[in-house]
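Per-entry structural report
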Amino acid sequence: MKSLQINSKFIPLLITIALFGGLFVAGSVSYRGFFSMQVVLNLLVDNSFLIIVALSQALIIIMGGIDLSCGALIALSSMVVAYSMSHLNFHPALAILAVLGVCSLFGFIQGWLITYQKFQPFISTLCGMFIARGMCFMINQDTVPITDPFFMTMATTRIKLMPGAVISTSVLVALAILAIYIYIAHFTRFGRAVYAIGGNEQSARLMGLPVDRTKVMAYTLSGFTSGLAGIVFCFYMLSAYGLNAMALEMDAIAAAVIGGTLMTGGVGYVIGAVFGVMIEGIMQTLITFQGDLNSWWTRIAIAFLLCVFIVVQRILVLKRESRKVMRPVEFLD
Amino acid sequence: MDARKKLDKRLIDRQLFWPLFALVVLLTFDFFYIKGFFHIEIIDGHLYGSLIDIVNRATPLMFMAIGMTLVIASGGIDISVGSVLAISGAITAIMIGGDMVFVDGVPKYAAHNPMSVAILVALIASVVSGLWNGLLIAKLGVNAMVGTLILLVAGRGIAQLIVNGNVITVYYEPFFYIGSGFFLGLPFSIYLVAAFLALVMWLVKKTAFGLFLESIGSNRVSSRFTGLDVQTVTWACYAISGLCAGIAGIIIASEVKSADANSAGLFIELDAILSVVLGGNSMAGGRFSIIGSVIGALVVQTLTTTIYAIGVPPEVTMVVKALVVIVIYLVQSQMGKTSLKAAGGATALKAKEAKA
């Protein structure tokens, strides 16, 4: 019985991995040239910034919150990097530091509003999203190109894994962040507190966990990570524009949910978010390979998957609840 | 009963005071800093001027604010309104379209489909969108933000598919009347809002619906124990919100004489939420004032017009609006704390805080 319970926790993640495998096999059977290492690696190359924000999004959702500002923060951070280097002649290292500082502060303020002023997370981060987008346009209304040699090198360097299979430096950054997030989520006190808060904030508080501090830290970390994703985005785009990374937060949330993170909090694995991103990417690739489908189908397909996963989650949760005797405390939720 | 009525009156008065105050402050600013802001003149029997313009432009937002108020009062949120707006606009535009035909040698534009059919289809699609949200949220119990997120993501894609990625221009004159026509000197859309507002006010004041809604928003569980049909009432709220977004989509399509699935109603969900919050409504649900939200929508539009008029880049409006929401929210949470404490509701507050 016990092993069965552990299995049921893994079910969403396993479904996701199986789905990814299934989509890849389907693509390989249907389209020529689909079955190659590079197709898989390109999923990482083209989505490295999305992987990074999806990781932080997953952690926030596990905590029972949500962060809608990450897409806008990517736009803001790439704009700050580009502008400070091109117009203010900042050294790249200084520009990167400045960006990480600004984004961490941004996340901190959002977290402070949520924790101490009892803002609903989505209101706080929705406002953050608008402020970040607005700030982009206050800095510069046009596309700002990046010509810095360091960024150029990072953007063009390709690392050869084997013949015909290359990755970019962004992928290395994303993988490093993944390792850090796995460590944070599963091997630190902070990570355990995040899971506990997501499970039941009141109990976490009664257990004596530093709930307020953890929440503020998590949102600050999310801001920091979004800033980092913005820098990786710069490696990818080599330019900045206020409307870049539009609706990316939706992709990040979808990736986290498809990756098996429960929207109600407390359950999930950050690594699931990576598979979520890969599934989104492979669907995009499939639609590209198909050729005659409108690219809008990608969004609809992602929304459809998101919907299926959310409904499955609800059914799993309802099933689990109905097995237990209904207690007033649970009913309150 | 009398004392209770008095209390109600006082609460409503206070609730409406702040949005009206904000409106007056903004208008006073405009009066001093923008030349001719209050100038209204009559051309061809129609009233023209910045004030009329604000009211006219605020009508889509007013519709959405009405729907959003009901949803928020039920304790939920609808962030899909922008996408529903895009879908409804796309359907109307593509169904009406407009071809040039020669009638007795005179070029005339004719609609692809009768205008009433196009509008009806668009409205049905909007209500269906709202019902879909309701299915997820009321029936399956999905978190409201997440449930409407699905349609937010998919809706724009669907709208793009309807118009096949193009901006559809409408060439059918009678259709323009909805968004830019005049009736008895005033923009026609104002009458639409007034009629719809009257209908919704009747629904929430003269039927039990308003009472149920308030009860559900205040406490879902005890409402269920009281025997209220929580699911159906919540479901109805999302359906009405969808309908409101749909009407707003038709008005906007008629105003700009085209449908752009990419940019129609982009970010408008924040404006709608802002209107509701400005109207003195609590984001936590329960007590609500639709009139307050409508005034809130007016404030938002006045703010937008003011920012445009003083020559600040339009994107900055987003920053200002977001800051306004934050400030109001801060004030609201402080006021809520003090008033609850004053009423001896400290325990209730604690319970609420623990829940949040």
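Per chain, the residues get numbers from 1 upward, laid out in the order the sequence is written. Labels are handed out in written order, letters beginning with A for the chains and numbers beginning with 1 for the ligands. Given that the model is predicted, a residue must reach a pLDDT of at least 70 before its local features are reported, and side-chain atom pairs must reach 80 or more before they are shown or counted; all residues, however, enter totals for whole chains, interfaces and linings.

- Looking at an unreviewed UniProt entry, one finds chain B named Simple sugar transport system permease protein and attributed to Propionivibrio dicarboxylicus.
- Turning to chain B, the UniProt annotation filed under Subcellular location (unreviewed entry) states: "Cell membrane". UniProt positions are given in the numbering used here, feature names are shortened, and annotations may be inferred rather than shown by experiment.

- Under an unreviewed UniProt entry, chain A has the name Simple sugar transport system permease protein and belongs to Propionivibrio dicarboxylicus.
- Recorded in UniProt under Subcellular location (unreviewed entry), the annotation for chain A is "Cell membrane".

Focus: the overall build of chain B
- The helix and strand tally for chain B stands at 14 helices and 8 strands.
- Buried, partly exposed and exposed are defined by the number of other C-beta atoms within 10 Å of a residue's own C-beta, namely 20 or more, between the two limits, and 12 or fewer respectively, with C-beta atoms placed from the backbone. Split into buried and exposed, the 356 residues of chain B put 46% on the buried side.
- Working definition of a contact: two residues with C-beta atoms, positioned from the backbone, lying within 7 Å. Long-range pairs, those at least 24 residues apart, make up 76% of the contacts in chain B with a sequence separation of at least 6. Every helix listed is a DSSP run of H or I at least four residues long, and every strand listed is a run of E at least two residues long, numbered separately from the N terminus.

Digging into the overall build of chain A
- A tally of helices and strands in chain A yields 14 helices and 4 strands.
- C-alpha atoms define the radius of gyration, and 2.2 Å times the number of residues to the power 0.38 defines the globule rule. Its C-alpha atoms give chain A a radius of gyration of 20 Å, within 12% of the compact-globule value 20 Å for 333 residues.
- Each principal axis of the C-alpha atoms in chain A carries an extent, and together these give about 65 × 50 × 35 Å.
- Buried positions account for 49% of the 333 residues belonging to chain A.
- Of all intrachain contacts in chain A linking residues separated by at least 6 positions in sequence, the fraction that spans at least 24 positions is 78%.

So, the UniProt feature "transmembrane region" (unreviewed entry) in chain A
- The feature "transmembrane region" (unreviewed entry), as given by UniProt, occupies residues 12–29, 49–82, 94–113, 119–140, 161–184, 216–241, 253–276 and 296–317 of chain A in the numbering adopted here.
- Taken end to end, residues 216–241 of chain A is 85% helix and 8% strand, and its first and last C-alpha atoms sit 29 Å apart.

A look at the confidence of the model for chain A
- Scored by pLDDT, chain A comes out at a mean of 87, with 94% of its residues at no less than 70.
- Least confident of the elements in chain A is helix α14 (residues 328–331) of chain A, whose mean pLDDT is 45; most confident is helix α10 (residues 211–237) of chain A, at 95. As a per-residue quantity, pLDDT reports the predictor's confidence and falls between 0 and 100.

Comments concerning the environment of Val81(B)
All names here are of chain B.
- Among the secondary structure elements, Val 81 is positioned in helix α3 (residues 81–96).
- By C-beta crowding, Val 81 is classed as buried, having 35 other C-beta atoms within 10 Å.
- Taking C-alpha positions, Val 81 is 7.6 Å from Ile 268, a pair spaced 187 residues apart along the chain.
- The residues touching Val 81, leaving out its near neighbours within four places in the chain, are Met 64, Met 68, Ser 241, Ala 245, Ile 268, Glu 269 and Ala 272.

Notes on α10(A)
- Counted at 1.5 Å a residue, the expected span for α10(A) with its 27 residues is 39 Å, and the 38 Å between its end C-alpha atoms agrees.
- Phi turns positive, to about 55°, at Leu238(A), one or two residues after α10(A). Working rule for helices: expected span equals 1.5 Å times residues minus one.

What to know about the domain arrangement of chain B
All names here are of chain B.
- All the domain ranges listed were derived from an automatic or database domain assignment. Along its sequence, chain B is carved into domain 1 (9–311) and domain 2 (312–356).
- One C-alpha centre belongs to domain 1, the other to domain 2, and the line joining them spans 24 Å.
- Contact with domain 1, which involves 11 residues of that partner, is made by 11 residues of domain 2.
- Broken down by secondary-structure element, the contributors of at least two residues to the side of domain 1 that touches domain 2 are α11 (268–278) and α12 (290–309).

A closer look at the environment of Gly27(A)
All names here are of chain A.
- You can see Gly 27 is positioned in helix α1 (residues 2–30).
- For Gly 27, a count of 19 C-beta atoms within 10 Å puts it in the partly exposed group.
- Here the alpha-carbon distance between Gly 27 and Thr 285, two residues 258 residues apart in the chain, equals 8.9 Å.
- With residues near it in sequence (within four places) discarded, Gly 27 still touches Phe 34, Ile 282, Leu 286 and Phe 289.

Things to note about the pairing of strand β2 (residues 158–162) of chain A
Residues and elements named next belong to chain A.
- Judged by how many residues are buried, β2 sits mostly at the surface: 0 of 5 residues are covered.
- Whether two strands pair depends on DSSP finding at least two bridges between them. Sheet topology note: the β2/strand β3 (residues 165–168) ladder contains 4 bridges and is antiparallel. Along β3, the bridge assignment pairs Ile 159 with Ile 167.
- Linkage of β2 to β3, two consecutive antiparallel strands, is achieved through a turn of 2 residues, within which Gly 164 is found at a positive phi near 75°.

Observations concerning the packing of helix α3 (residues 70–86) of chain A against helix α11 (residues 248–258) of chain A
Residues and elements named next belong to chain A.
- Axis definition: a line fitted to C-alpha atoms, over the contacting stretch in the case of helices. Angles run 0 to 180 degrees between N-to-C directions. Packing of α3 against α11 leaves a shortest axis separation of 6 Å and a crossing angle of 130°. It follows from the interaxial angle that α3 and α11 lie oblique. For the pair formed by α3 and α11, the contact residues are Cys 70, Gly 71 and Ile 74 on the first element and Leu 248, Glu 249 and Ala 252 on the second.
- For the contact of α3 with α11, the residue count by class is 4 nonpolar, 1 polar and 1 charged. Convention used here: angles under 35 degrees read as roughly parallel, angles over 145 as roughly antiparallel, angles from 65 to 115 as roughly perpendicular, and any remaining angle as oblique. Asp, Glu, Lys and Arg are counted as charged, while Ala, Val, Leu, Ile, Met, Phe, Trp, Tyr, Cys and Pro are counted as nonpolar; the rest, among them Gly, fall into the polar class.

Quick look at the nonpolar core
- Judged by nonpolar contacts, the single largest core of 210 residues is most densely connected at Ala54(A), Leu59(A), Leu306(A), Met64(B) and Ala90(B).
- With 16 residues, the top contributor of residues to this core is helix α10 (residues 230–256) of chain B.
- For this core, the two domains that each supply at least three residues are domain 1 (9–311) and domain 2 (312–356) of chain B.
- Discounting residues that sit within four places of it in the chain, Ala54(A) has contacts with Ala252(A), Ala255(A), Ala256(A), Ala273(A), Gly276(A) and Val277(A). By definition, a nonpolar core groups buried Ala, Val, Leu, Ile, Met, Phe, Trp, Tyr and Cys residues that connect through C-beta atoms lying within 7 Å of each other.

A word on the confidence of the model for chain B
- Per-residue pLDDT for chain B averages 84, and the proportion of residues at 70 or more is 89%.
- Listed scores for the predicted complex are pTM 0.83 and ipTM 0.78.

Examining the environment of Arg220(B)
Residue and element names in this part refer to chain B.
- When you line up the elements, Arg 220 lands in helix α9 (residues 220–226).
- Exposure remark for Arg 220: the 18 C-beta atoms within 10 Å place this residue in the partly exposed category.
- For the pair Arg 220 and Gly 75, spaced 145 residues apart in sequence, the C-alpha to C-alpha distance is 8.5 Å.

Some details on the interface of chain A and chain B
- With 36 residues of chain A at the contact, the number on the chain B side is 35 residues.
- Of all the secondary structure elements, the ones that give two or more residues to the side of chain A that touches chain B are α5 (121–139), α11 and α13 (296–323) of chain A.
- In terms of residues, the side of chain A that touches chain B owes the most to one element, α5(A), which gives 11 residues.
- By residue class, the composition of the side of chain A that touches chain B is 25 nonpolar, 7 polar and 4 charged.

Re the packing of helix α2 (residues 37–62) of chain A against helix α12 (residues 270–290) of chain A
Residue and element names in this part refer to chain A.
- Where α2 meets α12, the axes come as close as 8 Å, and the angle between the chain directions of the two elements is 135°. Classified by the angle their axes make, α2 and α12 are oblique. For the crossing formed where α2 meets α12, the hand is right-handed. Residues Val 39, Leu 43, Asp 46, Asn 47, Leu 50, Ile 51, Ala 54, Leu 55, Gln 57, Ala 58 and Leu 59 of α2 touch α12, and the partners they reach there are Val 270, Gly 272, Ala 273, Val 274, Gly 276, Val 277, Met 278, Gly 281, Ile 282 and Thr 285.
- In terms of residue class, the contact of α2 with α12 is built from 14 nonpolar, 6 polar and 1 charged. Whether a crossing is left-handed or right-handed is set by the direction in which the near helix is turned from the far one by less than a right angle, anticlockwise for left-handed and clockwise for right-handed.

Overview of unusual backbone geometry
- Backbone geometry places Lys118(A), a non-glycine residue, at a positive phi of 55°.
- One non-glycine residue, Asn164(B), lies in positive phi territory at about 55°.
- Within the element layout of this structure, Asn164(B) appears in the loop between α5 (144–163) and β5 (168–169).

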